[in-house]
Amino acid sequence: MSDDEDIPTLIEPELENENAGDGEIPVNHQVPLTIISGFLGAGKSTLLKRILTEHHGYRIAVIMNEFGDTADIESRAINVSSESDPFAESSEEVLELANGCLCCSIKDSGVAAIEKLMQRKGAFDYILLETTGLADPGPIASIFWRNEEFNRGGGKDIVLDGIVCVVDAVFGKQQMETDHAEEGIGESLRQIAAADVILLNKTDLVSAADLETTEDLLSKINPAVTVHRTVRADIDIKHVLSIRAYTSSRGLSHAGTPVPDDHDHASHDHEKGHGTHYEMRGISSLRVSCRVLSPEQQERLEVWIRTVLWESQLPEYSADTHDGKPLEVLRCKGIFGTESGQTFVLQGVRNLYELEPLVGDDVGLPEHGKLVFIGKGLDDTVRKSLEKIVQCNE
Ligand SMILES: Nc1nc2c(ncn2[C@@H]2O[C@H](COP(=O)(O)OP(=O)(O)OP(=O)(O)O)[C@@H](O)[C@H]2O)c(=O)[nH]1
């Protein structure tokens, strides 16, 4: 099918849930979008097939896109609302599946095609976007999350729900350990870094010990990720859709417990803190526990985040005196309490971040907050710099 006459009739969305929860669609009229990434052959199509053939009540539009070239998407994002956009006439096919899902293959245009898809809003209530096995989902995520240009256009009705990464239990560990890029971090590690949920798939093909090792590696690279072990991507849909990874405290569920002081080879040179840092093939992650913050500490933390994210340096060092590697943050997440009795959630994708008080999400005031940063050059100096702000008693 290629022309609009073949596209199913519009149906008004039935969004009735007041409290979007596990597996429920949010009541606001924004359409949640989940990005599915994953290593080549890991089981992305198997997951998609499973989601599309189950009777879950969602009307899902699946976009299978050659989103390999993210620079291309980003440049088009800027033109998304322009009438004269030469990409508005993207080639696309839409198929309606038996359970009401729409399957769209959008071949040659990124965001403009999604905007076009949004003109059919009402025919679906959820978007799944499958990236290629070689894509870094980070830049794609930042288009849908807090991107002002895009949000003024067709993107205003889309809300990024989360990033799901499918990892091959057989080859995943080897892939991560040998991943490299000309400059910096390889794509499979970027996919792990960006993920909110990982499906460690094909667990039927490996030993329990190997699974343990791979899972351990995944959570060292991304200390904020939730890992589910699967066979043929068999997973309860509530763990992958409507997880609200960017709008709730979910995924930070361990925040109430102190970060363990885990003295492995990667977290050396601890003084007194409960932080860890881990480094592998150019990617590094930091996990730091955080006391209940005073207003001054909160202010200093914000300055720290802005300086690291926007200036790629630590506040107490100028770029040429920090003897570490260049700083780059791919993803950050966190939750902490303040002396004023509020709970704050930190979310960040590349140099975009949001630090907002948590409303209507009853997690209680976390006595031991947690901050996680994943990226490049996040070494022990960076860890100590952050701990100096969030762990001292003022
Ligand atoms: N044994 C086993 N095979 C699986 C499992 N999941 C997927 N497969 C098989 O692995 C192969 C690759 O799965 P796909 O779902 O096509 O993987 P993909 O990530 O979409 O692959 P690309 O699009 O090429 O990157 C297929 O032959 C699947 O049937 C699993 O859990 N166990």
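The structure displayed is predicted, hence computed values, not measured ones.

Conventions adopted
Residues numbered from 1 in each chain as written. Predicted model: local features only at pLDDT ≥ 70, side-chain atom pairs only at ≥ 80, totals over all residues. Helix = DSSP H or I, 4+ residues; strand = E, 2+ residues; numbered from the N terminus. Buried ≥ 20, exposed ≤ 12 C-beta atoms within 10 Å, placed from the backbone. Contact = placed C-beta atoms within 7 Å. Domains from an automatic or database assignment. Nonpolar A, V, L, I, M, F, W, Y, C, P; charged D, E, K, R; others polar. Pairing = 2+ DSSP bridges. Axes fitted to C-alpha atoms, helices over the stretch in contact; angles between N-to-C directions. Parallel < 35°, antiparallel > 145°, perpendicular 65-115°, else oblique. Core = buried A, V, L, I, M, F, W, Y, C linked by C-beta atoms within 7 Å.

*Asks:* Residue-level account of the overall build of the chain, with values.
*Replies:* When you go through the chain residue by residue, the secondary structure sums to ten helices and 14 strands. The buried share of the chain, taken over its 394 residues, is 46%. In the chain, the share of contacts with a sequence separation of at least 24, taken over all contacts with a separation of at least 6, comes to 75%.

*Asks:* I'd like a description of the domain arrangement of the chain, backed by residues and values.
*Replies:* Interface size is often expressed as the accessible area that is lost when the parts come together. Domain assignment breaks the chain into domain 1 (4–239) and domain 2 (253–390). At the junction of the two partners, domain 1 supplies 19 residues and domain 2 supplies 18 residues. Contributions of two or more residues to the side of domain 1 that touches domain 2 are made by helix 4 (137–144), helix 7 (187–194) and helix 8 (208–221). Here the element with the most residues in the side of domain 1 that touches domain 2 is helix 7; it accounts for four residues. Taken together, the residues that form the side of domain 1 that touches domain 2 break down as nine nonpolar, six polar and four charged.

*Asks:* Go over the pairing of strand 10 (residues 283–290) with me, naming the residues and quoting the values.
*Replies:* For strand 10, the tally of buried residues reaches eight of eight residues, placing the bulk of the element in the interior. Burial along strand 10 is two-sided: the residues Ile-283, Ser-285, Arg-287 and Ser-289 and Ser-284, Leu-286, Val-288 and Cys-290 are all buried. Summarising the sheet, strand 10 and strand 14 (residues 369–376) pair through seven bridges and their orientation is antiparallel. Note on strand 14: the bridge partner recorded for Ser-284 is Gly-375.

*Asks:* I'd love a proper account of helix 4, names of residues and values included.
*Replies:* With respect to burial, helix 4 is a largely interior element, seven of its eight residues being buried. Along helix 4, the residues that are buried comprise Pro-137, Gly-138, Ile-140, Ala-141, Ser-142, Ile-143 and Phe-144.

*Asks:* Help me get a handle on the packing of helix 9 (residues 295–311) against helix 10 (residues 380–390), residues and values and all.
*Replies:* Running from N to C, helix 9 and helix 10 point in directions that differ by 155°, and their axes come no closer than 9 Å. On the basis of their axis angle, the class for helix 9 and helix 10 is roughly antiparallel. Side by side, helix 9 and helix 10 meet where Gln-297, Arg-300, Leu-301 and Trp-304 of the first sit next to Leu-386, Ile-389 and Val-390 of the second. In terms of residue class, the contact of helix 9 with helix 10 is built from five nonpolar, one polar and one charged.

*Asks:* Tell me about the nonpolar core, and name the residues and values.
*Replies:* One finds Ile-127, Leu-128, Ala-141, Val-167, Ala-195 and Ile-198 to be the most contacted residues of the largest nonpolar core, which totals 87 residues. Ranked by the residues each element gives to this core, the list is headed by strand 6 (residues 158–168), at seven residues. Counting residues domain by domain, this core receives three or more from each of domain 1 (4–239) and domain 2 (253–390). Once residues lying within four places of it in the same chain are set aside, the contact partners of Ala-141 are Ile-35, Leu-160, Ile-163, Ala-194 and Val-349.

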